[in-house]
Amino acid sequence: MDASTLSILPGLVIPYDELRFTATTAGGPGGQHVNKVSTKVTLLFDVQASPSLTEAQKARLLAALAGRIGQGGVLRLVCQSTRSQSANKELAVERFAALVREALTPRPPRRRTRATLASKLRRLEGKKRRGAVKRDRAGRTDGGD
């Protein structure tokens, strides 16, 4: 790995030239500084056009990060937490790597379990108690004057 690549997983390295950055003025407090300096960084990564990803990885990313990926298959990540453009750029790259790593890590299959007898009895007891409360309420009539 060299300085021009970003290591995501042991078998996956993404070159920095696949990442696009745009900088704009950030909102929020900061006086005149925020109006003059473009510190908000937006990282754009074209998932569908990336030669670094396999088709299976692309499909997995598109499914896992569907809320962050636009119509054209471009992943968009915004960072404006610091007042420095370079610091925001570094944070955006770190968040991008963590997001892709999380999305590409396979989940262990869920083991089916059964409800215990005690939990079933607790549930039924709660239902009986609630039914009794409603039964008591229905039997009572208020004499409306």
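Look a little higher up for the structure.
Residues numbered from 1 in each chain as written. Predicted model: local features only at pLDDT ≥ 70, side-chain atom pairs only at ≥ 80, totals over all residues. Heavy atoms only, no water.

I would appreciate a short explanation of the overall build of the protein chain in the present structure.
A count of helices and strands for the protein chain gives four helices and five strands. Listing the helices and strands of the protein chain from first to last along the sequence gives β-β-β-α-β-α-β-α-α. For 145 residues, the compact-globule estimate of 2.2 N^0.38 gives 15 Å, and the C-alpha radius of gyration of the protein chain, at 27 Å, exceeds that figure by more than 25%. Structurally, the protein chain occupies a C-alpha span of about 80 × 45 × 25 Å along its principal axes. Here the analysis covers contacts within the protein chain between residues at least 6 apart in sequence; of these, 57% occur between residues at least 24 apart. (Helix = DSSP H or I, 4+ residues; strand = E, 2+ residues; numbered from the N terminus. Rg over C-alpha atoms; globule rule 2.2 N^0.38 Å. Contact = heavy atoms within 4.5 Å.)

What's the story with the nonpolar core in this structure? I'm lost.
Within soluble globular proteins, side chains that are nonpolar generally end up buried alongside one another. Core analysis: the biggest nonpolar cluster contains 23 residues, and Ile 8, Leu 43, Phe 45, Leu 61, Leu 75 and Phe 96 have the highest contact counts within it. Contributions of two or more residues to this core are made by strand 1 (5-9), strand 2 (12-15), strand 4 (40-46), strand 5 (74-79) and helix 3 (85-104). Residue contributions to this core peak at eight residues, all from helix 3. If we skip the residues at most four places from it in the chain, Leu 43 touches Leu 19, Arg 20, Phe 21, Leu 75, Arg 76, Leu 77, Ala 92, Val 93 and Phe 96. (Core = buried A, V, L, I, M, F, W, Y, C linked by side-chain atoms within 4.5 Å. Buried < 20%, exposed > 50% of the residue type's maximum accessible area, 1.4 Å probe, protein only.)

Would you mind showing me how to read the packing of aromatic side chains here?
What the rule picks out here adds up to one aromatic pair. Note that Lys 89 overlies the ring of Phe 21, its terminal NZ or CZ placed 4.6 Å from the centroid. (Phe/Tyr/Trp six-rings, centres within 6.5 Å; stacked < 30°, edge-to-face > 60°. Lys NZ or Arg CZ within 6 Å of the ring centre and 35° of its normal.)

Sorry if this is basic, but what is going on with the side chain of Ser 50 here?
Here Ser 50 shows up in the loop between strand 4 and helix 2 (55-64). Engagement of the side chain of Ser 50 in a polar contact is seen with the side chain of Glu 18, the distance being 2.5 Å. Apart from the residues within four sequence positions on either side, Ser 50 is in contact with Glu 18, Phe 45 and Lys 58. (Polar contact = N/O pair within 3.5 Å; in protein donor to acceptor, adjacent residues only side chain to side chain.)

Looking at this structure, I do not really get the packing of helix 2 against helix 3. What am I missing?
The axes of two packed helices give the description: the angle between them and the distance between them. At their nearest, the axes of helix 2 and helix 3 sit 9 Å apart, and the two run at 105° to each other. As summarised for this structure, helix 2 and helix 3 are arranged roughly perpendicular, according to the angle between their axes. Residues Gln 57, Arg 60, Leu 61 and Ala 64 of helix 2 lie in contact with helix 3, whose contacting residues are Val 100, Ala 103 and Leu 104. Each residue belonging to the contact of helix 2 with helix 3 can be placed in one class, and the counts come to five nonpolar, one polar and one charged. (Axes fitted to C-alpha atoms, helices over the stretch in contact; angles between N-to-C directions. Parallel < 35°, antiparallel > 145°, perpendicular 65-115°, else oblique. Nonpolar A, V, L, I, M, F, W, Y, C, P; charged D, E, K, R; others polar.)

Can you walk me through the environment of Arg 95 in this structure?
Tracing the backbone shows Arg 95 in helix 3. Here the alpha-carbon distance between Arg 95 and Lys 134, two residues 39 residues apart in the chain, equals 52 Å. The residues touching Arg 95, leaving out its near neighbours within four places in the chain, are Arg 68, Leu 77, Val 78 and Cys 79.

Any chance you could explain the pattern of salt bridges here in plain terms?
Opposite charge on two side chains lets them pair, provided their charged atoms get close. Under the counting rule described, the total for this entry stands at two salt bridges. A salt bridge links Glu 55 to Lys 58; its shortest N-O distance comes to 3.6 Å. Placement of both Glu 55 and Lys 58 in helix 2 is noted, with a separation of three residues, approximately one turn of the helix. In this structure Glu 55 comes out as exposed when scored by relative accessible area, which is 59%. A residue is classified by how much of its surface remains accessible, and Lys 58, at 10% relative accessible area, is buried. Two residues, Arg 107 and Glu 102, come together in a salt bridge whose shortest N-O distance is 2.9 Å. Given a relative accessible area of 53%, Arg 107 falls into the exposed group. Look at Glu 102 and you get partly exposed, because its relative accessible area is 47%. (Salt bridge = Lys/Arg side-chain N within 4 Å of Asp/Glu carboxyl O.)

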